[in-house]
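Residue-level structural notes
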Amino acid sequence: MSGTASEPAPKLVTRALTVADIPDVLAIEESVYDFPWPRRAFEHCVRRGYHCVLACEQGPREEEVCGYAVMDVQPAQVHICNVSVSTAHQGQGVGQFLMRTLMCHARMCGAAHAYLEVRPSNHAARAFYDHLGFRQVGLKRDYYRAQVGVEDAYVYRRAIGSGEDIP
Ligand SMILES: CC(C)(COP(=O)(O)OP(=O)(O)OC[C@H]1O[C@@H](n2cnc3c(N)ncnc32)[C@H](O)[C@@H]1OP(=O)(O)O)[C@@H](O)C(=O)NCCC(=O)NCCS
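Here is what the cut-offs are and how they apply
Residues numbered from 1 in each chain as written. Predicted model: local features only at pLDDT ≥ 70, side-chain atom pairs only at ≥ 80, totals over all residues. Core = buried A, V, L, I, M, F, W, Y, C linked by C-beta atoms within 7 Å. Buried ≥ 20, exposed ≤ 12 C-beta atoms within 10 Å, placed from the backbone. Helix = DSSP H or I, 4+ residues; strand = E, 2+ residues; numbered from the N terminus. Contact = placed C-beta atoms within 7 Å. Near = placed C-beta within 6 Å. Nonpolar A, V, L, I, M, F, W, Y, C, P; charged D, E, K, R; others polar. Pairing = 2+ DSSP bridges. Axes fitted to C-alpha atoms, helices over the stretch in contact; angles between N-to-C directions.

1. Describing the nonpolar core
Grouped together as the largest cluster of nonpolar side chains are 36 residues, with contacts concentrated most on Val53, Ala69, Ile80, Leu98, Leu102 and Ala114. Looking at this core, the elements that each hand over two or more residues are helix H1 (22–32), helix H2 (39–47), strand E2 (51–58), strand E3 (63–74), strand E4 (77–85), helix H3 (94–108), strand E5 (113–118) and strand E7 (150–159). Ranked by the residues each element gives to this core, the list is headed by H3, at six residues. Those residues within four positions of Leu102 in sequence are excluded, and the remaining contacts are His51, Val53, Ala69, Met71 and Ile80.

2. Things to note about the site of the ligand
Among the 18 residues in the neighbourhood of the ligand, the closest are listed as Gln90, Gly95, Gln96, Ala124 and Ala127. Elements represented by at least two residues in the shell around the ligand include exactly E4, H3 and helix H4 (123–131). Considering each element in turn, the shell around the ligand owes the most residues, five residues, to H4. Here the residues of the shell around the ligand are counted per class, giving nine nonpolar, nine polar and no charged.

3. Considerations on the sheet that holds E7
One open sheet holds the seven strands; their spatial order is E1-E2-E3-E4-E5-E7-E6, and the pairing between them is mixed. Each of the sheet's edge strands pairs with one partner strand only, and the pair in question is strand E1 (11–16) and strand E6 (135–145). With direction set aside, neighbouring strand axes in the sheet form an average angle of 25 degrees. Judged from the four bridges that link them, E4 and E5 form a sheet pairing that is parallel. Counterpart to Val78 in the pairing with E5 is Ala114.

As structure tokens, this is what we get:
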């Protein structure tokens, strides 16, 4: 995040992800995953009322999409389906900002737990979720496609509203 002396630095904000944002989202999705979600998966989530959030840097004249997250709000729990940050914006707190937004919404919905799946080989994401207080509670065999064959998923879970907020 940088600005010139005459222009304020861009501000990181979240807003609802709409169908119009899907091209920007797909550009990130296809650059950070070997097996990206297709356009129809995002269209499905937006149209079916999943909680879909965009993180953007808003400058004086334009906004830049930095990342996004998709969460399915279910009775008593939420399923985090996708959290992604563009390569250029990783390591700057954008993912944590997105997760804080999701957990705030989950709490307002009365959810007791959040859960998600992550590839055992995705060490960065596992470190990210560990940092945010998620813990592994299960395993789904042969859950993901892999470059060779399939890969299991670790199921991670975190309590919501226990007073342990995401920093
Ligand atoms: C995983 C991902 C969402 C993290 O987002 P991010 O904006 O880069 O992460 P943040 O900057 O908010 O990091 C928050 C904390 O998570 C941990 N963390 C994040 N990335 C990490 C990495 N590569 N290695 C180790 N720890 C990491 C750190 O503890 C970090 O806190 P710190 O900066 O004070 O050390 C992002 O790297 C990403 O989009 N990766 C590709 C897509 C993906 O794998 N998504 C998850 C699928 S399950």
